[in-house]
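# Analysis of the macromolecular model
So you can see what is in the structure, the chains are spelled out below.
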Amino acid sequence: MKKIMVIGYGAMAQYVVANLPSDLSLGYLLVKPERVKQIQNIMSDSVQVISCVSELQGKPDIVVEMAGQAGVKQHLLDLLALGLDVGVISVGAFADSDFEAKVKQAEIDHRCQAYLLTGAVAGMDGLAAAKLAGLDQVIYQGRKPPEGWRGSHAESLIDLSNIQEATTFFKGTAREAATLFPANSNVAATIALAGIGMDATVVELIADPLSERNQHNIQVKGVFGEMKITMQGLPLPNNPKTSMLAALSVLQFCQ
């Protein structure tokens with residue numbers, strides 16, 4: 001049976017681990033140092049729980065990241081240096097252009113790849129194809145209930161407790177959004193990387209008290225014509241900030 005290495009063990013990772021394909025089992029968990037002992041106590045002896053790549057014993061068949069942008073920046077280059085392919089869900093880390101350049105060089109040097117998973121959106125294949133002919137405009141609107149923005153930079157921009165109607169509290173580039181909202185704007189970064197880039201992609205973030213689902217709207221114009229994609233995703237039951245489809249995209253990569 002193949003072994004998977006999971007980076008991070010939050011709500012998304014727990015969902016993925018609980019739903020792995022039958023030919024794949026959890027072999028390695030890479031978590032923050034302060035969580036190692038706690039997680040070891042709930043894992044079987046067959047699972048290595050470590051806090052840095054240098055502690056790794058053996059070689060996983062599949063590696064997936066679900067640890068947020070900080071986790072990507074801390075561990076991805078070390079994993080690539082071992083020649084391991086890695087599925088990355090926290091795509092917003094690539095808003096850091098220096099980090100992105102280092103990852104691309106590591107892929108060349110070690111003949112491996114960081115796969116950017118599509119996460120909570122669809123249609124990235126069409127967007128990437130349309131880019132070949134030339135794109136004039138890409139706008140992404142991310143709409144969530146106020147609770148979906150709790151704990152983020154949104155709290156310093158708007159009073160989430162007293163919103164009566166849909167309110168746009170941020171408009172800027174995908175690079176700005178991914179930097180200011182690291183836990184909420186991986187979708188914006190994914191769209192930007194598939195399309196016209198971090199600095200040309202326009203992002204609008206909206207808190208909507210009447211919305212029961214996380215909504216993603218993508219508007220694209222270019223030589224190919226126009227494209228509009230609207231998705232209304234349900235969050236994971238135990239985390240309103242995380243799309244179920246994002247977790248499913250990790251599982252699809254594991255197939």
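Residues numbered from 1 in each chain as written. Predicted model: local features only at pLDDT ≥ 70, side-chain atom pairs only at ≥ 80, totals over all residues. Heavy atoms only, no water.

## Details of the overall build of the chain
Heads up, the condition is: Strands are runs of DSSP state E lasting at least two residues, helices are runs of H or I lasting at least four, and both sets are numbered from the N terminus onward. Put simply, the radius of gyration uses C-alpha atoms, and a globule should come to 2.2 Å times the residue count raised to 0.38. Type-normalised accessible area, obtained with a 1.4 Å probe on protein chains alone, sets the label of each residue: buried when under 20%, exposed when over 50%, and partly exposed for intermediate values. Two residues qualify as a contact provided that any one of their heavy atoms is within 4.5 Å of a heavy atom in the partner residue.
When helices and strands are counted, the chain shows eight helices and 13 strands. Relative to the 2.2 N^0.38 estimate, which gives 18 Å for 255 residues, the radius of gyration of the chain is 18 Å and therefore close to what a compact globule would have. The C-alpha extent of the chain, read off along each of the three principal axes, is 50 × 45 × 35 Å. Taken over 255 residues, the chain has a buried fraction of 52%. At a minimum sequence separation of 6, the contacts of the chain that also span at least 24 residues come to 66%.

## A closer look at the pattern of salt bridges
Should the charged atoms of two oppositely charged side chains come close, the side chains can pair. What counts, and what does not: Any carboxyl oxygen of Asp or Glu that lies within 4 Å of a side-chain nitrogen of Lys or Arg is treated as forming a salt bridge with it.
In this structure the tally under the stated criterion is eight salt bridges. Ionic pairing is found between Lys73 and Asp96, a salt bridge with its closest N-O pair at 3.0 Å. With Lys73 in helix 3 (residues 68-81) and Asp96 in the loop between strand 5 (86-88) and helix 4 (97-110), this residue pair connects regions lying 23 residues apart in the sequence. Judged by its relative accessible area of 28%, Asp96 falls in the partly exposed class. Ionic pairing is found between Lys171 and Glu204, a salt bridge with its closest N-O pair at 3.7 Å.

## Regarding the packing of helix 5 (residues 124-131) against helix 7 (residues 186-194)
Our working rule: Throughout, an axis means a line fitted to C-alpha atoms (over the contacting stretch in the case of helices), and angles, computed between N-to-C directions, take values from 0 to 180 degrees. All residues other than Ala, Val, Leu, Ile, Met, Phe, Trp, Tyr, Cys, Pro, Asp, Glu, Lys and Arg, Gly among them, are scored as polar; the first ten of these are nonpolar and the last four charged.
As a packed pair, helix 5 and helix 7 sit with axes 8 Å apart at the nearest point and diverge in direction by 35°. Between helix 5 and helix 7, the residues in contact are Met124, Leu127, Ala128 and Lys131 and Thr190, Ile191, Leu193 and Ala194, respectively. Partitioned by chemical class, the residues of the contact of helix 5 with helix 7 number six nonpolar, one polar and one charged.

## Focus on the UniProt feature "active site" (unreviewed entry) in the chain
This is how the line gets drawn: UniProt positions are given in the numbering used here, feature names are shortened, and annotations may be inferred rather than shown by experiment. We define a polar contact as two N or O atoms separated by no more than 3.5 Å, with the added condition that, inside protein, one atom must be a possible hydrogen donor and the other a possible acceptor, whereas residues neighbouring each other in sequence contribute only through side-chain atom pairs.
Under the feature "active site" (unreviewed entry), the UniProt entry names His216. Within the element layout of this structure, His216 appears in strand 10 (residues 214-222). For His216, a relative accessible area of 7% corresponds to the buried category. In contact with His216, other than residues within four places in its own chain, are Ala120, Val121, Tyr140, Gln141, Val187, Ile229, Thr230 and Met231. For His216, the side chain forms a polar contact with the side chain of Tyr140, separated by 2.7 Å.

## Considering the sheet that holds strand 10
Stated formally: Note on pairing: two strands pair once DSSP finds at least 2 bridges between them.
As summarised here, the arrangement of the five strands in space is 8-9-7-10-11, forming an open sheet in which the pairing is mixed. The open sheet terminates on both sides in strands that have one partner only, identified here as strand 8 (167-173) and strand 11 (225-233). Strand-to-strand twist of the sheet, defined as the mean angle between neighbouring strand axes without regard to direction, takes the value 15°. Judged from the eight bridges that link them, strand 7 (residues 135-144) and strand 10 form a sheet pairing that is antiparallel.

## Looking at the UniProt feature "binding site: NAD(+)" (unreviewed entry) in the chain
The UniProt record marks Ala120 and Asn186 with the feature "binding site: NAD(+)" (unreviewed entry), using the residue numbering of this structure. In summary, the annotated positions, though distributed over 67 residues, converge in three dimensions, the widest C-alpha pair being only 8.6 Å. Within the secondary structure, Ala120 sits in the loop between strand 6 (114-116) and helix 5. Owing to a relative accessible area of 9%, Ala120 belongs among the buried residues under this scheme.

## Topic: the side chain of Asn214
Among the structural elements, Asn214 can be located in strand 10. Excluding its chain neighbours within four sequence positions, the residues that come into contact with Asn214 are Arg143, Lys144, Pro145, Met231, Gln232, Gly233, Pro235 and Pro240.

## A look at the packing of aromatic side chains
The geometry of an aromatic ring pair is captured by the separation of the ring centres together with the interplanar angle, meaning the angle of the planes. Note the threshold: Only Phe, Tyr and Trp rings are paired, with Trp represented by its six-membered ring, and only when their centres lie within 6.5 Å; those with planes under 30 degrees apart are stacked, over 60 edge-to-face, the remainder tilted. The rule for a charge over a ring is simple: NZ of Lys or CZ of Arg within 6 Å of the ring centre, and within 35 degrees of the ring normal.
Taken as a whole, this structure holds six aromatic pairs when the rule is applied. Plain terms: the ring middles of Phe94 and Phe99 are 5.6 Å apart, the flat faces sit at 45° to each other, and that makes the pair tilted. On the basis of an interplanar angle of 70° and a centroid distance of 5.5 Å, the ring pair of Phe170 and Phe181 is categorised as edge-to-face. Of this pair, Phe170 sits in strand 8 while Phe181 sits in the loop between helix 6 (174-180) and helix 7, placing them eleven residues apart in sequence. Across the pair, exposure class does not vary: Phe170 and Phe181 are buried alike. Taken together, the ring pairs in this structure connect Trp149, Phe169, Phe170 and Phe181 into an aromatic cluster. Sitting over the face of the ring of Trp149, Lys144 holds its NZ or CZ atom 5.1 Å from the ring centroid.

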